[in-house]
Amino acid sequence: MKIIILLVIAYLLGSIPSGVWIGKLFFKKDIRQFGSGNLGTTNTFRVLGKKAGIIVLVMDILKGTLATSLPVIFHITTINPLWFGVCAILGHTFPIFAGFKGGKAVATSAGMLLGYQPLFFLYSTVIFIICLFFTSMVSLASMIAAVLITLSTFFIPYIAPIILEKQDWLLTIIAICVTAFIFYRHKDNIQRIKKGTENKVSFGLNKPKK
């Protein structure tokens, strides 16, 4: 019963609609009515600006981290912490506090990695940043990074065990499922990428000289 209650709590943590709450509380805006209509981090950056976007990003990551840490906090050793992270991801994607229409699972999935394997989280973050730099599209970078991170669960234990000590098949299976889900949630973005209309991130590298 204790495990079931904590799994529900993990889902509820994931269900916290950070972007919606920050937008309504500080900007008097429902970000679901602007931009892409999504309540995730990317749309928050686009609609509410950098500061709000960073706050929502941190909140969405910490949802996954806290949920994954629940077994440690409550001294439960009979179930893998990843299952609590999965519940948080489901909560983020299908939030009970936002009509079951949520984000695209990227930030909360990263939070799950942070709570489960911090060094692998840092490694994954570097992969995402590199992908974002070369693609200039958050959506495409998220999908490519998800694939590379999933592949990394196979070979990193053999070439860099300090990052991921041993082969973790549950992590690999969940990574495969999350990657497939991320691609599904980005289906509209994929169509825009094909048409060349997807939003791009500006790194300020091509500013005109004064």
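Thresholds, definitions, all that
Sequence order sets the numbering: in each chain, residues are counted from 1 along the sequence as written. Two thresholds apply to this predicted model, a pLDDT of at least 70 for residue-level local features and 80 or more for giving and counting side-chain atom pairs, whereas whole-chain, interface and lining totals are computed over all residues. Computation of side-chain values: all heavy atoms of the structure, hydrogens and water removed. UniProt positions are given in the numbering used here, feature names are shortened, and annotations may be inferred rather than shown by experiment. Lining residues are defined by having an atom within 4 Å of a point belonging to a cavity or pocket. Those points lie on a 1 Å grid over the protein atoms alone, cavities being sets where a 1.4 Å probe fits but cannot get out and pockets being open sets with protein on both sides within 12 Å along at least five of seven lines. Grid points are joined across faces, edges and corners, and a volume is the space filled by probe spheres set on the points. Each residue gets one of three labels, nonpolar for Ala, Val, Leu, Ile, Met, Phe, Trp, Tyr, Cys and Pro, charged for Asp, Glu, Lys and Arg, and polar for the others, Gly among them. Patch members must show over 30% relative accessible area and no salt bridge, and they are joined within 9 Å when carrying like charges or within 5 Å when they are nonpolar side chains of Val, Leu, Ile, Met, Phe, Trp or Tyr. Here the open area of atoms and residues is found with the Shrake-Rupley method and a 1.4 Å probe, where only the protein chains shown may cover a residue. Here a salt bridge means any side-chain nitrogen of Lys or Arg lying within 4 Å of a carboxyl oxygen belonging to Asp or Glu. By the criteria applied, helices consist of DSSP H or I runs no shorter than four residues and strands consist of E runs no shorter than two, each listed in order from the N terminus. Take the residue count of a helix, subtract one, and multiply by 1.5 Å to get its expected span. Think of it this way: the bend at a residue is just the angle between two axes, each fitted to seven residues, one set ending at that residue and the other starting at it. All axes are obtained by fitting lines to C-alpha atoms, using only the stretch in contact for helices, and the reported angles, taken between N-to-C directions, cover 0 to 180 degrees. Angular relationships are summarised with four words: roughly parallel below 35 degrees, roughly antiparallel beyond 145, roughly perpendicular across 65 to 115, and oblique for the angles in between. In this scheme the handedness of a crossing depends on how the near helix is turned from the far one: anticlockwise by less than a right angle means left-handed, clockwise means right-handed. In what follows, residue pairs with any heavy atoms lying within 4.5 Å of each other are defined as contacts. Think of it in three bands: with a 1.4 Å probe and only protein chains considered, a residue is buried below 20% of the maximum accessible area for its type, exposed above 50%, and partly exposed in between.

If you check an unreviewed UniProt entry, the chain appears there as Glycerol-3-phosphate acyltransferase from Candidatus Enterococcus lowellii. Under the heading Sequence similarities (unreviewed entry), UniProt records this for the chain: "Belongs to the PlsY family." Checking UniProt for the chain, the heading Pathway (unreviewed entry) contains the comment "Lipid metabolism; phospholipid metabolism."

Colleague: Which residues make up the layout of surface pockets, and what values do they have?
Modeller: In this structure, the second largest pocket spans a volume of roughly 320 Å³. Looking at the second largest pocket, it is lined by 16 residues, and the ones nearest its centre are N38, G102, K104, R185 and D188. Looking at the lining of the second largest pocket residue by residue, the classes come out as 3 nonpolar, 6 polar and 7 charged.

Colleague: Lay out a nonpolar patch on the surface with the relevant residues and their values.
Modeller: A cluster of nonpolar side chains, M1, I4, I5, V8, I9, L12, W21, L90, F94, I96, F97 and F100, forms an exposed patch at the surface whose accessible area comes to about 1,100 Å². With 5 residues, the top contributor of residues to the nonpolar patch is helix α1 (residues 2-14). Of note, W21 is situated in helix α2 (residues 18-26).

Colleague: I'd like a rundown of helix α4 (residues 50-73), residues and numbers included.
Modeller: Here α4 spans 32 Å end to end across 24 residues, near enough to the 34 Å set by a 1.5 Å rise per residue. Its axis deflected by about 25° at A67, α4 carries its strongest bend there, up to four residues before the proline P71. Positioned one or two residues after α4, H75 has a phi angle of 55°, which is positive.

Colleague: How would you sum up the packing of helix α5 (residues 82-93) against helix α6 (residues 106-116)? Please name residues and give values.
Modeller: Running from N to C, α5 and α6 point in directions that differ by 160°, and their axes come no closer than 9 Å. By the angle between their directions, the pair α5 and α6 is classed as roughly antiparallel. As for how α5 packs across α6, the hand of that crossing is right-handed. Seen from α5, the contacting residues are L82, G85, V86, A88, I89 and H92; seen from α6, they are T108, S109, M112 and Y116. Residue composition of the contact of α5 with α6, by class: 6 nonpolar, 4 polar and no charged.

Colleague: Account for the pattern of salt bridges, naming residues and giving values.
Modeller: Following the criterion strictly, the structure yields 4 salt bridges and no others. Its salt-bridge partner being R32, residue D30 comes within 2.9 Å of it at the nearest N-O pair. With a relative accessible area of 12%, D30 lands in the buried category. R32 gets classed as partly exposed once you look at its relative accessible area, which sits at 30%. E198 is the salt-bridge partner of R192, the closest N and O atoms lying 2.8 Å from each other. Residue classification places R192 among the partly exposed positions, given a relative accessible area of 31%.

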